[in-house]
Amino acid sequence: IRFAIIHGEGPRPDVSFYSMGDVRGGKLKLLKTVEKKPANHLFWSPVGNHIVLAGLKTLDGVLEFFNVNDLESMGTEEHFMATDVEWDPTGRYVCTFVSYWRHQMENGFIIWTFQGKLLHRMNKDKFYQLLWRPRPPSLLPPEKEKHIRKNLHEYSKKYATEDE
């Protein structure tokens, strides 16, 4: 189990990452502290391997895409005046947007990869919200999913041959 905190003073606080190790033991371990980040919000990927350190509202939309497994930054970008951040259910994409609820100018959204690469930008007057469609639960039993994942290479070869 991992978590992150924002701490310190001023508009550039520190962000620290912790691990609890074994849940029963409850021992906290500091993994890393990144200093002086323009962040006032943290957004974990649904998968839990990545996090966006975001400076929303008064911090002008500074975004840092961070790999928590490797404890390193993958890049810093900006979405000026961003008010919100939403991860897609797979953890592959993240959307930032400027909501008309908070700002009456510069409304719209940007879709990024989890690494911080800009994929799509759309400006839209009176844009209010973006919400990803949830992923429905799998219809396969867990054993079948495990079998497919284990043999994915074989399935890929089979379908690649059929597609030719």
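The structure under discussion appears in the preceding block.
Residues numbered from 1 in each chain as written. Predicted model: local features only at pLDDT ≥ 70, side-chain atom pairs only at ≥ 80, totals over all residues. Heavy atoms only, no water.

Participant: Go over the overall build of the protein, please, and point to the residues and values.
Facilitator: Helix and strand content of the protein: two helices and 11 strands. Overall, the protein shows an N-to-C arrangement of helices and strands of β-β-β-β-β-β-β-β-β-β-β-α-α. The C-alpha radius of gyration computed for the protein amounts to 19 Å, which surpasses the reference 15 Å derived for 164 residues by more than 25%, pointing to a less compact arrangement than a globule. Here the C-alpha coordinates of the protein stretch approximately 55 × 50 × 25 Å along the principal axes. Counting only residues that meet the buried cut, the protein has 32% of its 164 residues in that class. Within the protein, contacts between residues at least 6 apart in sequence are counted, and of these 34% link residues at least 24 apart. (Helix = DSSP H or I, 4+ residues; strand = E, 2+ residues; numbered from the N terminus. Rg over C-alpha atoms; globule rule 2.2 N^0.38 Å. Buried < 20%, exposed > 50% of the residue type's maximum accessible area, 1.4 Å probe, protein only. Contact = heavy atoms within 4.5 Å.)

Participant: Go over the sheet that holds strand β8 (residues 84–87) with me, naming the residues and quoting the values.
Facilitator: The strand order across the open sheet built from four strands is β8-β9-β10-β11, with neighbouring strands paired in antiparallel fashion. Where the open sheet ends on each side, the last strands, each with one partner, are β8 and β11 (118–123). Averaged over all pairs of adjacent strands, the angle between their axes in this sheet comes to 15°, without regard to strand direction. (Pairing = 2+ DSSP bridges. Axes fitted to C-alpha atoms, helices over the stretch in contact; angles between N-to-C directions.)

Participant: How would you summarise the side chain of Thr113 if you had to cite specific residues and measurements?
Facilitator: Relative to the elements of secondary structure, Thr113 occurs in strand β10 (residues 108–113). When its relative accessible area of 10% is taken as the criterion, Thr113 is described as buried.

Participant: Lay out the packing of aromatic side chains with the relevant residues and their values.
Facilitator: Note on aromatic pairs: each is described by the distance of the centres and the angle between the planes. According to the stated counting rule, one finds seven aromatic pairs in the structure shown. Ring geometry for Phe97 and Phe127: centres 5.5 Å apart, planes at 80°, overall edge-to-face. Of this pair, Phe97 sits in strand β9 (residues 93–98) while Phe127 sits in the loop between β11 and α1 (142–150); the two residues are 30 residues apart in sequence, bridging distant segments of the chain. Here Phe97 matches Phe127 in class, with each residue buried. Taken together, the aromatic side chains of Phe97, Phe109 and Phe127 make up a single cluster linked through ring pairs. (Phe/Tyr/Trp six-rings, centres within 6.5 Å; stacked < 30°, edge-to-face > 60°.)

Participant: Please give an account of the pairing of β11 that cites residues and values.
Facilitator: Across five bridges, the pairing between β10 and β11 is antiparallel. When the sheet's bridge partners are listed, Ile111 is paired in β11 with His120. A loop of four residues connects β10 with β11, the two strands running antiparallel in sequence, and Gly116 in this loop sits at a positive phi of about 100°.

Participant: Any chance you could break down unusual backbone geometry for me, citing the residues and the numbers?
Facilitator: Excluding glycine, most residues fall at negative phi; most peptide bonds, likewise, are trans. The phi torsion at Leu71 lies on the positive side, around 55°, for a residue other than glycine. You can see Leu71 is positioned in the loop between β6 (62–67) and β7 (72–78).

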